[in-house]
Amino acid sequence: MATELELRLEGDDANEDTLLDLMDWLERANIDGLEVKRKELPPAKGDMGFWTDPNTIMTMISTGIAVVQVMAAILQWQKNKKVTVTPKITDSDKEMVELNTQIQVILDNMKNH
(Lines give C-alpha, C1' and ligand atoms only; values in the text may rest on other atoms or scores of the structure.)
Protein backbone atom coordinates (compact mmCIF):
# COMPACT_ATOMS: atom_id res chain seq x y z
CA MET A 1 0.00 0.00 0.00
CA ALA A 2 1.44 3.37 -1.01
CA THR A 3 0.52 6.96 -0.32
CA GLU A 4 0.59 9.51 -3.11
CA LEU A 5 1.96 12.85 -1.95
CA GLU A 6 1.83 15.93 -4.16
CA LEU A 7 4.57 18.51 -3.53
CA ARG A 8 3.88 21.96 -4.96
CA LEU A 9 6.48 24.73 -4.96
CA GLU A 10 5.36 28.30 -4.34
CA GLY A 11 7.32 31.54 -3.97
CA ASP A 12 9.98 33.65 -5.67
CA ASP A 13 12.22 30.66 -6.45
CA ALA A 14 9.44 28.33 -7.62
CA ASN A 15 10.57 27.39 -11.12
CA GLU A 16 11.59 24.33 -13.11
CA ASP A 17 15.24 24.46 -12.02
CA THR A 18 14.25 24.55 -8.36
CA LEU A 19 11.77 21.73 -8.91
CA LEU A 20 14.46 19.58 -10.56
CA ASP A 21 16.83 20.41 -7.69
CA LEU A 22 14.22 19.21 -5.17
CA MET A 23 13.67 16.01 -7.17
CA ASP A 24 17.41 15.36 -7.18
CA TRP A 25 17.63 16.11 -3.43
CA LEU A 26 14.83 13.66 -2.64
CA GLU A 27 16.39 10.95 -4.80
CA ARG A 28 19.74 11.41 -3.03
CA ALA A 29 18.00 11.18 0.36
CA ASN A 30 17.77 7.42 -0.29
CA ILE A 31 14.35 6.97 1.34
CA ASP A 32 13.11 3.40 1.11
CA GLY A 33 10.07 3.00 -1.13
CA LEU A 34 10.09 6.60 -2.40
CA GLU A 35 9.29 7.23 -6.07
CA VAL A 36 9.49 10.77 -7.46
CA LYS A 37 8.09 11.97 -10.79
CA ARG A 38 6.86 15.15 -12.43
CA LYS A 39 3.14 15.77 -12.33
CA GLU A 40 1.64 15.40 -15.77
CA LEU A 41 -1.11 17.68 -16.97
CA PRO A 42 -3.66 16.56 -19.55
CA PRO A 43 -3.08 17.88 -23.05
CA ALA A 44 -4.73 21.15 -23.90
CA LYS A 45 -6.68 21.56 -27.11
CA GLY A 46 -4.28 21.41 -30.05
CA ASP A 47 -1.39 19.88 -28.04
CA MET A 48 0.24 16.65 -29.16
CA GLY A 49 0.72 15.11 -25.72
CA PHE A 50 0.99 15.53 -21.98
CA TRP A 51 2.69 18.52 -20.39
CA THR A 52 4.43 18.53 -17.03
CA ASP A 53 3.46 20.92 -14.27
CA PRO A 54 6.45 23.26 -13.79
CA ASN A 55 5.85 23.59 -10.04
CA THR A 56 4.63 20.17 -8.91
CA ILE A 57 6.07 16.71 -8.37
CA MET A 58 4.28 13.56 -7.32
CA THR A 59 5.79 11.10 -4.88
CA MET A 60 4.73 7.59 -3.98
CA ILE A 61 5.62 6.73 -0.41
CA SER A 62 5.36 3.22 0.98
CA THR A 63 5.25 3.88 4.74
CA GLY A 64 4.32 6.52 7.29
CA ILE A 65 7.97 6.67 8.34
CA ALA A 66 8.89 7.57 4.76
CA VAL A 67 6.44 10.51 4.87
CA VAL A 68 8.33 11.90 7.87
CA GLN A 69 11.67 11.29 6.11
CA VAL A 70 10.44 13.11 2.99
CA MET A 71 9.29 16.11 5.02
CA ALA A 72 12.57 16.19 6.96
CA ALA A 73 14.48 16.17 3.65
CA ILE A 74 12.28 18.96 2.26
CA LEU A 75 12.71 21.12 5.36
CA GLN A 76 16.50 20.73 5.09
CA TRP A 77 16.46 21.46 1.34
CA GLN A 78 14.40 24.65 1.54
CA LYS A 79 16.42 26.33 4.32
CA ASN A 80 18.09 28.93 2.09
CA LYS A 81 15.53 29.13 -0.70
CA LYS A 82 12.70 31.57 -1.27
CA VAL A 83 10.27 28.76 -1.88
CA THR A 84 7.60 26.97 0.09
CA VAL A 85 6.78 23.33 -0.54
CA THR A 86 3.12 22.55 0.01
CA PRO A 87 2.52 18.82 0.61
CA LYS A 88 -0.87 17.29 -0.10
CA ILE A 89 -1.98 13.67 0.01
CA THR A 90 -3.83 13.00 -3.23
CA ASP A 91 -4.61 9.27 -3.32
CA SER A 92 -8.18 8.25 -2.69
CA ASP A 93 -7.85 4.74 -1.24
CA LYS A 94 -10.97 4.44 0.92
CA GLU A 95 -9.16 2.31 3.50
CA MET A 96 -6.57 5.04 3.92
CA VAL A 97 -8.89 8.06 4.26
CA GLU A 98 -8.67 8.35 8.05
CA LEU A 99 -4.92 7.68 8.15
CA ASN A 100 -4.32 10.12 5.27
CA THR A 101 -6.28 12.80 7.12
CA GLN A 102 -4.03 12.32 10.15
CA ILE A 103 -0.91 12.37 7.98
CA GLN A 104 -2.09 15.57 6.24
CA VAL A 105 -2.48 17.28 9.64
CA ILE A 106 1.09 16.28 10.52
CA LEU A 107 2.35 17.57 7.14
CA ASP A 108 0.56 20.89 7.62
CA ASN A 109 2.08 21.25 11.10
CA MET A 110 5.59 20.43 9.79
CA LYS A 111 5.21 22.94 6.95
CA ASN A 112 4.19 25.70 9.34
CA HIS A 113 7.22 25.27 11.65
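These numbers come from a predicted model, not from an experiment.

For the rest of this paragraph, the subject is unusual backbone geometry. Of all residues except glycine, most have a negative phi; of all peptide bonds, most are trans. Look at N30: it is not a glycine, yet its phi comes out positive at around 55 degrees. The exposed category is assigned to N30, whose relative accessible area is 65%.

Here the focus is the nonpolar core. One broad trend across soluble globular proteins is that nonpolar side chains are buried collectively. One finds L9, L22, L26, I57, V70 and I74 to be the most contacted residues of the largest nonpolar core, which totals 25 residues. At the level of secondary structure, the elements contributing two or more residues to this core comprise β1 (3–10), α1 (16–28), β3 (51–61), α2 (64–77), β4 (84–89) and α3 (97–111). Element by element, the count of residues in this core is highest for α2, at seven residues. Residues in contact with I74, not counting those within four places in the same chain, are L7, L22, L26 and V85.

Turning next to the environment of R38. Residue position: R38 is located in strand β2 (residues 35–41). Each C-alpha atom of the pair R38 and L20 lies 9.0 Å from the other, and the pair is 18 residues apart in sequence. Leave out the neighbours within four places in its chain, and R38 touches E16, L19, L20, M23, T52, D53, P54, T56 and I57. A distance of 3.3 Å separates a polar atom in the side chain of R38 from a polar atom in the side chain of E16.

Turning our attention to the pairing of β4. Burial along β4 is one-sided: the residues V85, P87 and I89 are buried and none of T84, T86 and K88 is. The sheet contact formed by β1 and β4 spans six bridges and is antiparallel. Pairing of L9 across the sheet is with V85, part of β4.

For the pair α1 and α2, the least separation of the axes is 10 Å and the interaxial angle reads 130 degrees. One finds that α1 runs oblique with respect to α2. Relative to α2, α1 is oriented so that their crossing is right-handed. Counted together, T18, D21, L22, W25 and L26 of α1 and V70, A73, I74, Q76 and W77 of α2 form the full contact between these two elements. Its residues assigned to classes, the contact of α1 with α2 shows seven nonpolar, two polar and one charged.

Rules behind the numbers
- Residues numbered from 1 in each chain as written.
- Predicted model: local features only at pLDDT ≥ 70, side-chain atom pairs only at ≥ 80, totals over all residues.
- Heavy atoms only, no water.
- Buried < 20%, exposed > 50% of the residue type's maximum accessible area, 1.4 Å probe, protein only.
- Core = buried A, V, L, I, M, F, W, Y, C linked by side-chain atoms within 4.5 Å.
- Helix = DSSP H or I, 4+ residues; strand = E, 2+ residues; numbered from the N terminus.
- Contact = heavy atoms within 4.5 Å.
- Polar contact = N/O pair within 3.5 Å; in protein donor to acceptor, adjacent residues only side chain to side chain.
- Pairing = 2+ DSSP bridges.
- Axes fitted to C-alpha atoms, helices over the stretch in contact; angles between N-to-C directions.
- Parallel < 35°, antiparallel > 145°, perpendicular 65-115°, else oblique.
- Left-handed = near helix turned anticlockwise from the far one by under 90°.
- Nonpolar A, V, L, I, M, F, W, Y, C, P; charged D, E, K, R; others polar.

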